[in-house]
Structure formats: structure tokens, C-alpha cells
Amino acid sequence: MMTKTPLALIIYQLITFKPSFSPIRLTAIAVLTAFSFCFNPAIAGDPFRNSNNPRPIGNKTEAAFQAMFQQGNYLAAKTYLEEALLTEPNDPLIYAMKASLSYMDSDLEGLKAYAKKTREVAEKLIKIDPLRGNIYIAAGHFLEGAYAIAKEGTAKGTPQAMNKLRQVFQYLDMAEKIDSADPELNLVKGYMDLMLATNLPFSNPNDAIQRLEQKALPRYLAYRGMAVGYRDLDKYDRALESVNKALVETPNNPEVLYLKAQILVSQARRENNNKTLFDEARKNFDAALAKPNQLPRRLVAQIFFEQCKTRNRLDNRKRACDPMRDAIRDAEGSWGPVALPPL
């Protein structure tokens, strides 16, 4: 099931992607997580820049970001975003996260609308904060490229997407000229360079990992990106080291637990189907699915499928993993079920 992780939304359908990093999930990680998750200085510090020139955002936007990326609670994040749209409508981060949720819900027109809104609000932001404005404009183009691929398919959508990709790097380059040491920018570029490096032969993945390790904040997202990079390079010991560091800071995040489970499964296969590692992976799959109704339904379906396959390996049973996954995936609604099928 696992293949090399794609560069970005814009070229993802040219490559088979890993289940835990679908196109918009990559946007959420490679771009959204790196966009201005900044607190009101009167309340807390900016996690990207600590006490050095913090940028404030609204309380509801902050809460949505924390719910999505620290807690992995997408249901709560959606609620906070709806409130933020009413009280904090001038922050482009809101629309970038809404675009992500739209894609997860197979709402392509929502993706299109929120991608455009991200770019438009960022164009206004650039007048007062050129660094963040350029990052958000890049995000808007990134999401619009994703829409082109998702709507038109690879053959028709790729020319539009590649044009958008050029604009993404154009605006990120302008942001880098403003402050090349900015932790927020380095998180974005670290993730994107990593995705490029693990898929195209002329790129160096070690440079991207080093950028995340040395310059990116917040640390739990940097560690998570490093774990993905090492996983894609088949360096499973280093991947586990990084994902465990992410779990120290976000111990209940289901997606980080899922990532750890994937790494353990890959390591178990390499070590002659090591059952101890498979069992540890099973425990992490179980933990990732502890609260399935707070995660997008399709993500729950994929985690459940991999959990089921792992259990089959452990006890030599032949559970019907595919139809159970499909029943979760094809059910009505946006969120996973309260109770999953018994294994």
C-alpha cells in the first residue's frame, strides 16, 4: 500500500501516494501547518518565532489549528473554523484549512472557492506582513493547482497545475528573500523540498531533513516531517526516533500514531515479518482509531484497513478487510463512525 510520498498536491496524481498523506493532507502538512499559527502575544507566544516578533491571529483560528494539528480532532477544528469565519474573516489561514476540509469531504467546489479566498485574503495581507502574505499567496496557488488536478484529471489538469506550481515557488522565494531564517517559512520549504527530494532524482532529501531539523518550528511538526522523510528513505530507525519525538509533544494525535504504525509495519516486513514489531504497530493502529468520529471518514477507513491487515498477519486469519474498509469509506457523512466493525 505504501509508495513514495508526492511533492505536493499539484503533482500527486502522477505518483501513487501513501494513504496517510493524501493530496490535501499534504497541503495540511506541507503548507497549512506552516502558515501563521501565531497567537495573540497577550495570551501566548508565537510557536514559530517564540518571543521574536510574534504575529497574532484570532482565538478561534488558533483553536482550529490546535485541534487539527496538535490534537488531530478534525471535527472540533471544523466547528472552530465556522466560528472564525464570522469573527476573524481576514486571516487566510482559515480559508486554507477550510479548503483542506472541503477536499476531505469530496467537495471540490468548496476546495475551489476556499483556495481562491486564501489567495485573495493573502494578497491583502501582503501589504501589512509581506513575509506571511507571500507564504499564503503561495498556498492559494498550491490549492488551486490541487483543484485543477482533482477536477480535470491528470491529463487535462497537469498543465494548469504546473503553472500554479511555478507560482508557488515564486512566492515562496520572495518570502525567503524577506527572511530566510524564518521558522515558519522553513517549515513550509522543508516539507515541500522533502516531498520533491523523495520523488525526483536530482534533489537531495538530506538538505530538506536538515532544514526541518535545524530551522523549522513548531518542533512537533518538524519531527513529524522528518519521520515522513526518513520513512520514505527506508531509514526506519531514524523515522521511529523522529516520530517518537513528535509523540512526546502530541501523544494523542491519531495521525502521528498512524504514522508510527506505518513505520513499524515497514520495519517488520524488512525484518522477516517480525511479529513483535507487527504487534507494536497493531497497538498504534488501535490507538489511532480510539476516537474515529473526530476524523474524516476516508482517513478512518484507510487506517482501519491497515489495522485489519496487520491483525491478519499476527494471527494468520483471513478477515475481509476490503469490504469492511469500503463500508466505512462509502457511508454517509463526513466523519468516521462512533463504533468500528469488530476485528
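In the block above lies the structure referred to throughout.
Description of the structure in this document. In this text, all values refer to a predicted model and were calculated from it rather than measured experimentally.

About the thresholds
Residues numbered from 1 in each chain as written. Predicted model: local features only at pLDDT ≥ 70, side-chain atom pairs only at ≥ 80, totals over all residues. Heavy atoms only, no water. Helix = DSSP H or I, 4+ residues; strand = E, 2+ residues; numbered from the N terminus. Expected span 1.5 Å × (residues − 1). Buried < 20%, exposed > 50% of the residue type's maximum accessible area, 1.4 Å probe, protein only. Arc of directions from axis to C-beta. Contact = heavy atoms within 4.5 Å. Salt bridge = Lys/Arg side-chain N within 4 Å of Asp/Glu carboxyl O.

Some details on helix α10 (residues 236-249)
The terminal C-alpha atoms of α10, which comprises 14 residues, lie 20 Å apart, in line with the 20 Å expected from a rise of 1.5 Å per residue. Listed as buried for α10 are Tyr236, Ala239, Leu240, Ser242, Val243, Ala246 and Leu247. Axial view of α10: buried residues confined to an arc of 165 degrees, hence all on one face. When the buried face of α10 is taken as reference, the exposed residues oriented beyond 90 degrees from it are Asp237 and Val248. On its buried side, α10 packs onto α9 (219-232) and α11 (254-270).

What about the pattern of salt bridges?
Under the criterion given, the structure shown has 24 salt bridges. For the salt bridge of glutamate 120 with lysine 116, the shortest nitrogen-to-oxygen distance reads 3.9 Å. A residue pair is termed a helical-turn pair when its members lie 3 or 4 positions apart in one helix, as glutamate 120 and lysine 116 do in helix α5 (residues 108-125) at 4 residues. The exposure class of glutamate 120 is partly exposed, given its relative accessible area of 31%. One salt bridge in this structure joins glutamate 176 and lysine 189, with 3.7 Å as the shortest N-O distance.

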